[in-house]
Amino acid sequence: MNTVALIVAAGKGERAGGTLPKQFALIAGRPMLAWSYAAFAKNPRIERVIVAIAEDQQRLTAEHMPGVATITGGTTRRASVASGLAAMGDAERVLIHDAARPFITDAVIDRLIDALDNADGAVPVLPIVDTLVSTDGTSVSREGLHRVQTPQAFRVDSIRRAHAEWRGAEPTDDAQMVRALGGSVALVQGDPMLEKVTLPGDFAAAEARIGWETR
Ligand code: C5P
């Protein structure tokens, strides 16, 4: 079955500070986007990697990631994903991934793809270890709650339908659109290596993680 990876990297990436948009900022000497691109490109179960980039960042991409073909993303994350879904032809499965999570392991990719045998979608999750409280001071039980990461895997027909029929506000991930149509989304074990890089301090943490992984 034909599986593609779609990396969305068309955000402005400004919250991370620095002179370059965060998808091009270096982590251990390599642009952040290049880490997840390389992980997908070398995985034997992924046939093709599609990268969505903002129109005004195409030149930066050619400069920092020579030889990588890109498509133009949209003004929202959902629009960038939709551009990718339109560009993947008759692919049957897709792993949709945020460039802001540089370190993907083959084990997570395996768990996600395997879960699609019995579900429309699959997302990697981690347990919540902190105590939770709402702004009005009410304690919230963390029982049964998870932190959701990317990549998120889908059967292409399910995620295309979910995008076409979504009428809600901008979603924070793709799985909620599939669930809204009654689709099944499996939860698989995520990985601390997949933590998101958002703020300036997150780069040092990411470099520490990769150093720890490769020591
Ligand atoms: O801003 P945030 O980190 O939540 O964005 C998540 C991912 O969505 C990032 O990889 C970002 O580049 C991508 N994105 C996109 N197109 C947009 C906005 C965000 O591809 N218009």
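Every value quoted in this text rests on a predicted model; they were computed, and no experiment measured them.

So, on to the confidence of the model for the protein. On average, residues of the protein carry a pLDDT of 93, and 96% of them reach 70 or more. Taken over the whole predicted complex, pTM reads 0.94, whereas the ipTM for its chain interfaces reads 0.97.

The next subject is helix α5 (residues 156-165). Residues of α5 that are buried: Ser158, Ile159 and Ala162. The buried residues of α5 occupy an angular sector of 90° when the element is viewed end-on, so they sit on one face. Among the exposed residues of α5, those pointing more than 90 degrees away from its buried face are Asp157 and Ala164. The elements touched by buried residues of α5 are α3 (77-86), β6 (93-98), β7 (121-127), β11 (152-155) and α6 (175-180).

A separate point is the site of the ligand. Neighbouring residues of the ligand: 17 residues in total, closest Val8, Ala10, Gly11, Ser80 and Asp98. When contributions to the shell around the ligand are tallied by element, the ones reaching two or more residues are β1 (3-9) and α3. Partitioning the shell around the ligand into residue classes produces 6 nonpolar, 9 polar and 2 charged.

Before going further, it helps to examine unusual backbone geometry. Residue proline 151 is bonded to the preceding threonine 150 through a cis peptide linkage, with omega at 10°. Along the chain, the position of proline 151 falls in the loop between β10 (146-148) and β11. Positive phi outside glycine occurs at alanine 28, with the angle close to 50°. With respect to the helices and strands, the residue alanine 28 is situated in the loop between β2 (26-27) and β3 (30-31).

Basis of the calculations
Residues numbered from 1 in each chain as written. Predicted model: local features only at pLDDT ≥ 70, side-chain atom pairs only at ≥ 80, totals over all residues. pLDDT = per-residue confidence, 0-100. Buried ≥ 20, exposed ≤ 12 C-beta atoms within 10 Å, placed from the backbone. Helix = DSSP H or I, 4+ residues; strand = E, 2+ residues; numbered from the N terminus. Arc of directions from axis to C-beta. Contact = placed C-beta atoms within 7 Å. Near = placed C-beta within 6 Å. Nonpolar A, V, L, I, M, F, W, Y, C, P; charged D, E, K, R; others polar.

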